[in-house]
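# A look at the structure
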Amino acid sequence: MTTYRFSTGETIKHVVLILGALVVLLPFYLMVSTSLKAPQEIETNRGGFLGQQEMMVDGDCVRQGNAEEDCRQRPVVYNYTQAFEKAPLLRYLLNGVIVTVSIFIIQVVVALPCAYALAKLRFRGRSLVFGAVIVCLLIPVHAIALPLYIGLAKAGLTNSYAALIIPWTISAFGIFLMRQFFMTVPDDLIDAARMDGMSEFAIVWRVMLPAAVPALLAFAIFSVVAHWNDYFWPRIVITSSQELFTPPLGLREFKGEMADHAYGPMMATATIIVTPLIVAFLLAQRRFIEGITLSGMK
Amino acid sequence: MARLHLKDIRKSFGETRVLTGVSLDIADGEFVSLVGPSGCGKSTLLRIIAGLETQDSGRFEIDEQRVDGVRAADRNLSMVFQSYALYPHLSVGENIAVPLNMRQLNALQRLPVIGPFLPGARGRRRAIHAQVARAAEMLDITHLLGRKPGQLSGGQRQRVAVGRALVREPAAFLLDEPLSNLDAKLRVHMRAEIAQLHRWLGATFIYVTHDQVEAMTMSDRIAVMLDGELLQVGAPSEVYERPADIRVAEFIGSPKINILPAATAADGSIACLGTETRMAVRGAEVRASQLGVRPEGLHLSREPADFTGEILHLENLGPELYVQLRLQGCDAPATLRADAALLPQLAVGQSVHLSFRRDRALAFDNDGKAVETRLLDRTPQTTPASGIKPEQGIAPDLGEERRAAHV
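Residues numbered from 1 in each chain as written. Chains lettered and ligands numbered in written order. Predicted model: local features only at pLDDT ≥ 70, side-chain atom pairs only at ≥ 80, totals over all residues. Heavy atoms only, no water.

Residues and elements named next belong to chain B. Cis geometry is found at the peptide bond from Ser254 to Pro255, where omega equals 0 degrees. Looking at where Pro255 falls in the secondary structure, it is placed in the loop between α8 (246-251) and β11 (258-264). With a phi angle near 50 degrees, Asp227 is a residue other than glycine that sits in the positive phi range. Looking at the secondary structure, you find Asp227 in the loop between β9 (221-226) and β10 (229-234). (Helix = DSSP H or I, 4+ residues; strand = E, 2+ residues; numbered from the N terminus.)

Moving on to the nonpolar core. One finds Phe182, Met195 and Met198 of chain A together with Leu4, Leu45, Ile49 and Leu174 of chain B to be the most contacted residues of the largest nonpolar core, which totals 65 residues. For this core, the element with the highest residue contribution is helix α5 (residues 89-120) of chain A, accounting for six residues. The residues contacting Met198 of chain A, other than those within four sequence positions of it, are Ala193, Ile203, Arg206 and Val207 of chain A together with Arg71, Tyr87, Val98 and Met102 of chain B. Core analysis: the second largest hydrophobic core is formed by 34 residues, Ala97, Leu105, Val132 and Ala161 of chain B among them. (Core = buried A, V, L, I, M, F, W, Y, C linked by side-chain atoms within 4.5 Å. Buried < 20%, exposed > 50% of the residue type's maximum accessible area, 1.4 Å probe, protein only. Contact = heavy atoms within 4.5 Å.)

Time to look at the confidence of the model for chain B. Taken residue by residue, chain B gives an average pLDDT of 86. The fraction at 70 or more is 92%. The model gives residues 380-407 of chain B a pLDDT under 50, and that stretch makes 52 contacts with residues more than four places away or in other chains. (pLDDT = per-residue confidence, 0-100.)

The next subject is the side chain of Arg164 of chain B. With respect to the secondary-structure elements, Arg164 of chain B resides in helix α4 (residues 154-166). Leave out the neighbours within four places in its chain, and Arg164 of chain B touches Ala192 and Asp196 of chain A together with Tyr84, Ala85, Leu86, Tyr87, Asn95, Ile96 and Pro99 of chain B.

On to helix α12 (residues 213-228) of chain A, then. For α12 of chain A, spanning 16 residues, the distance from its first C-alpha to its last is 21 Å, which sits close to the expected 22 Å at 1.5 Å a residue. Regarding α12 of chain A, the residues found buried are Pro214, Ala215, Leu216, Ala218, Phe219, Ala220, Ile221, Ser223, His227 and Trp228 of chain A. (Expected span 1.5 Å × (residues − 1).)

Residue and element names in this part refer to chain B. Reading across the sheet, the four strands line up as β2-β1-β4-β5 and stay open at both edges, with antiparallel pairing between neighbours. Of all strands in the sheet, those with a lone pairing partner are β2 (16-26) and β5 (65-66), marking the two edges. Across two bridges, strand β4 (residues 57-62) lies against β5 in antiparallel orientation. Paired with Ile62 across the two strands is Gln65, which belongs to β5. Packing against the sheet, helix α1 (residues 42-50) makes contact with β1 (4-13), β2 and β4, and its axis sits at approximately 120 degrees to β1. (Pairing = 2+ DSSP bridges. Axes fitted to C-alpha atoms, helices over the stretch in contact; angles between N-to-C directions.)

Here we take up the interface of chain A and chain B. Counting residues at the interface gives 17 residues for chain A, matched by 27 residues for chain B. Buried area between chain A and chain B, both sides added, is near 1700 Å², and the carbon and sulfur share of it is 59%. Per-residue buried area on chain A facing chain B is highest for Met195, Asp196 and Arg206 of chain A; these three make up 40% of the total on that side. Linking chain A to chain B there are three salt bridges. On inspection of chain A and its partner chain B, the count reaches nine residue pairs in polar contact (both at pLDDT 80 or more). Elements that contribute at least two residues to the side of chain A that touches chain B include exactly α10 (187-195) and α11 (200-211) of chain A. Broken down by element, the residue count for the side of chain A that touches chain B peaks at seven residues, all from α10 of chain A. Here the side of chain A that touches chain B is built from residues that sort into nine nonpolar, two polar and six charged. (Buried area = accessible area lost by both parts, 1.4 Å probe. Salt bridge = Lys/Arg side-chain N within 4 Å of Asp/Glu carboxyl O. Polar contact = N/O pair within 3.5 Å; in protein donor to acceptor, adjacent residues only side chain to side chain. Nonpolar A, V, L, I, M, F, W, Y, C, P; charged D, E, K, R; others polar.)

On the surface, a cluster of nonpolar side chains totalling about 840 Å² of accessible area is made up of Val15, Ile18, Leu19, Leu22, Leu26, Tyr29, Leu30, Phe49 and Leu50 of chain A. Along the polypeptide, Leu26 of chain A turns up in helix α1 (residues 8-36). (Patch = residues over 30% accessible without salt bridge, like charges linked within 9 Å, V, L, I, M, F, W, Y side chains within 5 Å. Areas by Shrake-Rupley, 256 points an atom, 1.4 Å probe, with all protein chains shown as cover.)

What follows concerns the domain arrangement of chain B. All names here are of chain B. Domain boundaries in chain B define domain 1 (4-241) and domain 2 (254-404). For domain 1 versus domain 2, the distance between C-alpha centres works out to 40 Å. Every contact between the two is made by eight residues of domain 1 and, on the other side, seven residues of domain 2. At the junction of domain 1 with domain 2, the criterion picks out zero salt bridges. Elements with a contribution of two residues or more to the side of domain 1 that touches domain 2: α5 (184-201), α6 (212-218) and α7 (236-241). A per-element tally of the side of domain 1 that touches domain 2 places α6 first, with four residues. (Domains from an automatic or database assignment.)

Residue and element names in this part refer to chain B. Looking at the secondary structure, you find Thr277 in strand β13 (residues 275-281). Note on Thr277: relative accessible area 1%, which makes it buried. For the pair Thr277 and Arg358, spaced 81 residues apart in sequence, the C-alpha separation works out to 7.6 Å. If sequence neighbours within four positions are ignored, Thr277 has contacts with Ile270, Ala271, Cys272, Leu291, Phe356 and Arg358.

Before going further, it helps to examine the pairing of β10 of chain B. All names here are of chain B. As paired elements, β9 and β10 share five bridges and run antiparallel to each other. Following the sheet pairing, Ile222 is matched in β10 by Gly234. Linking β9 back to β10 in an antiparallel pair, the connection comprises two residues, with Asp227 at a positive phi of about 50 degrees.

All names here are of chain A. Here Tyr263 is to be found in helix α15 (residues 263-292). C-alpha separation for the pair Tyr263 and Val108, spaced 155 residues apart in sequence, amounts to 38 Å. Leaving out residues up to four positions away in the same chain, Tyr263 has contacts with Thr34 and Ile42.

Next up on the list: the pairing of strand β3 (residues 31-35) of chain B. Residues and elements named next belong to chain B. Within β3, five of the five residues are buried, which leaves it mostly tucked inside the rest of the structure. Side chains Phe31, Ser33 and Val35 project from β3 onto one buried face, and the interleaved Val32 and Leu34 project onto a second face that is buried too. Both β3 and strand β8 (residues 204-209) contribute to a ladder of five bridges, which runs parallel. Paired with Val35 across the two strands is Thr209, which belongs to β8. As paired elements, β3 and β9 share four bridges and run parallel to each other. Pairing of Leu34 across the sheet is with Ala223, part of β9.

Turning our attention to the sheet that holds strand β14 (residues 290-293) of chain B. Pairing is antiparallel across the open sheet formed by seven strands, whose spatial order is β21-β20-β14-β11-β12-β13-β22 (chain B). Here the strands that pair on one side only, and so sit at the sheet edges, are β21 (370-371) and β22 (373-375) of chain B.

See below:
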């Protein structure tokens, strides 16, 4: 049997890491726990992680004239059905998918040829253009939000999918990340493709894209997470049409309409919103880390 | 099948002049090696031929047709790269099919998913499949067709790269150091295979290498390049035995040729390290200042002969022996190739007498250009003492293979 010796250094490391993990995980713990409990348990902070799961009466249901017998539910069932019934959560999720997938696809369509040109083609002003890409990395979104909004408003595009998608289609980060990855692709491979009769665009899609899958996966996670969770931008450009709400905007429904008692359904909604991301990350974890370390080839 | 004609090709990268006016004619079906140390411009020349790089000036013709400005894909040349450059995401079969797909299918038929169902695509794809199968059979890689390049060994990848090059029957093959990533044993084997392939196909081959053994063994002609110019183009034996320039003499041949200081008297006779060589230059104005003697042209001798030297180091390669010497009157060490059977008689630090073969010695002038010489008399050379026969001193004509194994 292996024996472990006590080491102060290791212990300190682990204490720090455990504290860090707690800071990160506690909000998730609270979110999931709240989504499982009855309103009384949430207010009084009782019931542990899962709550007692005693039958509770749905107030709205009774007010609508139903018999009290028919309105008794377990808190967990109540919270999660409320999440879908009180607001069109499925619609929000669908919007989220439409927006994030469109953004990602267009970002790739733009970033791959740009990155290829910056990494592998020799042309006048290449380093200047690359410098411009780096500068763009430094500009915070919030700094240009107002001009962007005014531009979209003048074009009559607010309250549309276009408003949610267009500002994000050119990703300086995507161009930078893919350019760094393409630098590691051997020049011989590109020359071989040219000898085989491929045009430069064919090289991008038929040679570079398949070689860059790990890096693209890493970029996909950055991009999808950022835009799936984005509250700021949809809040600005989607002012009236509820059917365009993305999942984070949907969370507001519970806050606004039922200020007092809706924590359970609200946290149920939040749990539902983050689940797809966590599942996707777990599935792609290994390749994601491969992509970040930029070691796809060889 | 093609004749290639290069005329005064020049190329600079910024301030660096890489090619300074290269002219070369390559006959149909010829195997020409471009050989030179790294950085001599041979790869750039090949890339200009391929169309991957554009020359600053000069013209390049394939079969009397000027192709400057024609893009690489339309020159009908194929290339094998040092790193093989196989598409990592495609199987071996798909890799070999790529050049055919790009030429025989149109853009729609190449589309993934729907492409194969378009009219005409089926028949063409079947034809391509048959061509791939034929190429694979020729190279004995049929069993590998389903694998990805990552699952292949270096030698197998090499074959696949050759397969991809030959499947579309190009006008000429360009090979850019294709063997330098292989281990020594496999290199010897693949050398023979490529030479055999050239005989089968009868196509024009241009082979770039820094390994003079590869160039010597495979080519019809060798083009020795240095500092962006062609120093000499000729058959391997000619380049080896009658190098036009001292740099060619030094580059071709392993171990390196011994260059000894020499002086030319007024009557044209050449003296080397204080010994009359009984050789003379042809022509009145010509002065030889250096004498090149290949390691197999130097012999050990029991009695005082042309030179004396001290043994610095002995290298036993099995069939033969390299003796490193310091010749009296010469700072640079000299190398001698001898029969390994002499090893027991030799020791480091020992002083030995040496003679050299006049008919194989090469004279060069101050600029390093070869100088024609004649022998002044035909008196027999000093007979070596018993035990060391001249033949033993002369390296037996070993196959290049065996030499290469030790390179």
